[in-house]
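Examining the three-dimensional arrangement
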Amino acid sequence: MNTPSWQGSRLKRAQVAAIAALGYPLIALLGWTLRWRVGGHEHYDAVVSGGRQPVLCLWHGRILPGTIFLKRRGIVVLTSQNFDGEWIARIIQRFGFGTARGSSSRNASGALRQMVRQMRAGHPTAFTVDGPRGPEGVAKAGAVWLAMVSRCPIVPFHIEADRFWTLRSWDHAQIPKPFSRVAFVAGEPLDVPRDLDADGIEACRLQIEARLGQLRDRARGLLGSEA
């Protein structure tokens, strides 16, 4: 495996360490203030209690609140080997996540194989289905492939805050404001047949997009019901 170019820079390595050291306590402190409203968590529990592991799917723009809500569950996530991927990996590892290093464009197959091995060892996985570079709200097929090979179901979920900042990034990442109400809503498991052809994979990919849209509406409704 090639060494990422940023690792050859002492300054970049120091920046990674500093961002990770500052990021973890700040995110943990933010998480302590949030007031959660939860729907559909029984779908996650049903998969795990049935002896399988979920392939959790979310939009890239909800990584931060997803990290807070799903901490300490041994969930394995795909993280890039670039500069940003490194400090993200260091932060989420402190929240109890595992990492498979790669991306949709570099070492994708190797990282996905790592995730399959982790699932067979008893770990759930999570996929930002429109990452790492978008376009926003367009799911890629990696989660479908992982579900096919692992024979484990996809469990989509969405997180929405009632008060938040939005980053000027391609994914319009949402950062909940302190003491905001935040809704986590998971959908019913989606079993993926092992022998899907290209048309079947595309249909499943589109179904993930549709379900995530429905979950977004449900999360907003859950927050609105308490307004």
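Worth saying up front: this structure is predicted, and the values here are computed from it rather than measured.

Counting its secondary structure elements, the protein contains 7 helices and 9 strands. Rg of the C-alpha trace for the protein: 17 Å, near the compact-globule value of 17 Å for 227 residues, within the 12% margin. With the C-alpha coordinates of the protein rotated into their principal frame, the extents come out at 45 × 45 × 30 Å. Taking as baseline every contact in the protein between residues at least 6 positions apart, the subset at least 24 positions apart corresponds to 71%. Counting every atom, the protein has about 11,300 Å² of accessible surface; 55% of that belongs to carbon and sulfur. Treating the 30 positive side-chain charges of the protein as one cloud and the 18 negative ones as another, the clouds have centres 11 Å apart.

Time to look at the sheet that holds strand 5 (residues 125-128). In a beta sheet, neighbouring strands pair by backbone hydrogen bonds and run either parallel or antiparallel. Read across the sheet, 7 strands follow the order 1-9-6-2-5-3-4 without closing on themselves; strand pairing throughout is mixed. What marks the edges here is a single partner per strand, and that holds for strand 1 (35-39) and strand 4 (98-101). The average undirected angle you get between the axes of adjacent strands in this sheet is 30°. Where strand 3 (residues 76-79) and strand 4 come together, 4 bridges link them in parallel fashion. Bridge pairing links V77 to T99 in strand 4. Running at roughly 40° to strand 6 (residues 154-161), helix 7 (residues 198-224) makes contact with strand 1, strand 2 (55-58), strand 6 and strand 9 (181-186) of the sheet.

Attention now goes to the pattern of salt bridges. Per the stated rule, a full pass over the model turns up 9 salt bridges. Note that R90 and E86 form a salt bridge whose closest N and O atoms lie 3.0 Å from each other. Taken together, the positions of R90 and E86, both in helix 4 (residues 83-94) and 4 residues apart, correspond to about one turn of that helix. Between R205 and E209 there is a salt bridge, with its nearest N and O atoms 2.6 Å apart. With R205 and E209 both in helix 7 and 4 residues apart, the pair spans about one turn of that helix. Its relative accessible area of 19% is what places E209 among the buried residues. Through salt bridges with shared partners, a single network forms among R62, E160 and R220.

Here we come to unusual backbone geometry. P132 follows G131 through a cis peptide bond whose omega is 0°. Relative to the helices and strands, P132 resides in the loop between strand 5 and helix 6 (142-150). G134 connects to P135 through a cis peptide bond whose omega is 10°. Along the chain, the position of P135 falls in the loop between strand 5 and helix 6. Phi at R151 takes a positive value of approximately 60°, unusual for a residue other than glycine. Topologically, R151 is positioned in the loop between helix 6 and strand 6. We classify R151 as exposed; its relative accessible area is 55%. One non-glycine residue, H172, lies in positive phi territory at about 50°. The partly exposed category is assigned to H172, whose relative accessible area is 42%.

Rules used in this analysis
Residues numbered from 1 in each chain as written. Predicted model: local features only at pLDDT ≥ 70, side-chain atom pairs only at ≥ 80, totals over all residues. Heavy atoms only, no water. Helix = DSSP H or I, 4+ residues; strand = E, 2+ residues; numbered from the N terminus. Rg over C-alpha atoms; globule rule 2.2 N^0.38 Å. Contact = heavy atoms within 4.5 Å. Areas by Shrake-Rupley, 256 points an atom, 1.4 Å probe, with all protein chains shown as cover. Lys, Arg positive; Asp, Glu negative; His and termini not counted. Charge placed at Lys NZ, Arg CZ, Asp CG, Glu CD. Pairing = 2+ DSSP bridges. Axes fitted to C-alpha atoms, helices over the stretch in contact; angles between N-to-C directions. Salt bridge = Lys/Arg side-chain N within 4 Å of Asp/Glu carboxyl O. Buried < 20%, exposed > 50% of the residue type's maximum accessible area, 1.4 Å probe, protein only.

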